[in-house]
Amino acid sequence: MTVSSSPSSAEAFFERVAEERFAPTEYTRGPWDAHSQHAGPPAALLGRAVRERPGAREDMRLTRITFEIHRPVPLLPLTVGTRVLREGRSVELVEASLAADDGKEIMRARALRIRTEPGAVPEVAPGSSVPGPRESRTVPFFPVPWDVGYHTAMESRFAAGSYLEPGPATCWLRMRVPLVAGEKTAPLDRVLVAADSGNGVSNVLDFSAHLFVNPDLTVHLHRHPVGEWVCLDARTVVDGAGIGMAEAALHDERGPIGRGVQSLFVAPRG
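One structure accompanies this document, and this report is about it.

**Some words on helix α3 (residues 187–195)**
For α3, the tally of buried residues reaches eight of nine residues, placing the bulk of the element in the interior. Within α3 the residues assigned to the buried category are Leu 188, Asp 189, Arg 190, Val 191, Leu 192, Val 193, Ala 194 and Ala 195.

If you want it as structure tokens, here you go:
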């Protein structure tokens, strides 16, 4: 089934149409609603805004970013804005927002950035590892009633579990298209595009019978990511009252880089 729409046709998740204004493409479409985006691409757009804002210091690196998703992100042009909430010599807190043409805020992000100085202290690296993307397998995506979307814009390989197998999963994800047409994709973009998929890869209940909504996403990074592949070593837990949590250890091909956590509202469909 092909869904008709009028997003940009650029071969990317977004096309920049003004300095702070972006038109989404069909690649941003999520698997649940033909008119809404998967939260990963707009999260990456906010992360990019934090990094590229005027006056951003090059010696600071994002270590934590929390996204609050106020409502489904529409397949319509979006405006990004940023402001500095706290600025210090070693730590800063930056807020970024995403708004539609009606001026209503759709998503908000608060990012903590910490000053870096290469070689300042001894490195203590985590010891855990997961099989790499070359040792992982390609498996079918769960059924989606449209031909183009986030599910076709991302390449996925599973080292454990699958989209159709409930329970914990270890999944490598790689972007097939850039975040913004004609612009370089940064390693942080790749992490944030993928991190909102923790519940999707480690689902524990039948998606066709249950609704999962994550109103937030928090990503912590202890190391700057490298390479094209991002791994989510994820698991989801659900309480009978309808609240859940998806937690994913994040890796690149060098090893662990951080963690992503989603709060979940869970309810029967219909």
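**Some points on the pattern of salt bridges**
Evaluation of the coordinates by the stated rule reveals 23 salt bridges. Residues joined in a network through salt bridges with shared partners are Arg 16, Arg 48, Arg 51, Glu 52, Glu 183 and Asp 189.

**Examining the environment of Arg 89**
Within the secondary structure, Arg 89 is located in the loop between β4 (78–87) and β5 (91–99). Separated by 25 residues in the primary sequence, Arg 89 and Ile 114 have C-alpha atoms spaced 9.0 Å apart. Once residues lying within four places of it in the same chain are set aside, the contact partners of Arg 89 are Arg 57, Met 60 and Arg 115.

**Topic: the packing of aromatic side chains**
Throughout the structure, instances matching the rule amount to nine aromatic pairs. With a centroid separation of 6.4 Å and 35 degrees between ring planes, the pair formed by Phe 13 and Tyr 150 is classed as tilted. Here Phe 13, found in the segment before β1 (14–18), pairs with Tyr 150, found in helix α2 (residues 150–153); they are 137 residues apart in sequence, far enough to count as distant. On the accessibility criterion, Phe 13 (0% relative accessible area) is buried. Exposure remark for Tyr 150: the relative accessible area of 5% places this residue in the buried category. Aromatic pair Trp 32 and Phe 142: ring centres 5.4 Å apart, planes at 10 degrees, arrangement stacked. With Trp 32 in the loop between β2 (21–24) and α1 (40–52) and Phe 142 in the loop between β6 (105–115) and α2, the pair connects residues that are 110 residues apart, well separated along the chain. Accessibility expressed as a relative area gives 44% for Trp 32, which makes it partly exposed. Among the residues examined, Phe 142 registers a relative accessible area of 8% and is labelled buried. Clustering of aromatic rings is evident, with ring pairs tying together Trp 32, Phe 141, Phe 142, Phe 158, Tyr 163, Phe 207 and Phe 212.

**Remarks on the side chain of Arg 190**
As for its position among the elements, Arg 190 is in helix α3. Despite its burial, Arg 190 remains without a salt bridge, the nearest opposite charge being carried by Glu 228 at 4.4 Å. Among all residues touching Arg 190, those that are not within four sequence positions of it are Met 175, Thr 185, Gly 227, Glu 228 and Val 230.

**Examining the nonpolar core**
The biggest cluster of nonpolar side chains holds 64 residues, and the ones touching the most others in it are Phe 13, Phe 67, Met 107 and Val 219. In this structure Phe 67 touches Ala 43, Leu 46, Met 107, Arg 108, Ala 109, Leu 192, Pro 215, Asp 216 and Leu 217, once residues within four positions along its chain are discounted.

**Notes on the environment of Glu 135**
Tracing the backbone through its elements, the reader meets Glu 135 in the loop between β6 and α2. A residue is classified by how much of its surface remains accessible, and Glu 135, at 59% relative accessible area, is exposed. Sequence separation between Glu 135 and Phe 158 is 23 residues; the distance between their C-alpha atoms is 8.8 Å. A polar contact of 3.0 Å, which involves the side chain of Glu 135, links it to the backbone nitrogen of Gly 132.

Rules and cut-offs
- Residues numbered from 1 in each chain as written.
- Predicted model: local features only at pLDDT ≥ 70, side-chain atom pairs only at ≥ 80, totals over all residues.
- Heavy atoms only, no water.
- Buried < 20%, exposed > 50% of the residue type's maximum accessible area, 1.4 Å probe, protein only.
- Helix = DSSP H or I, 4+ residues; strand = E, 2+ residues; numbered from the N terminus.
- Salt bridge = Lys/Arg side-chain N within 4 Å of Asp/Glu carboxyl O.
- Contact = heavy atoms within 4.5 Å.
- Phe/Tyr/Trp six-rings, centres within 6.5 Å; stacked < 30°, edge-to-face > 60°.
- Lys, Arg positive; Asp, Glu negative; His and termini not counted.
- Core = buried A, V, L, I, M, F, W, Y, C linked by side-chain atoms within 4.5 Å.
- Polar contact = N/O pair within 3.5 Å; in protein donor to acceptor, adjacent residues only side chain to side chain.

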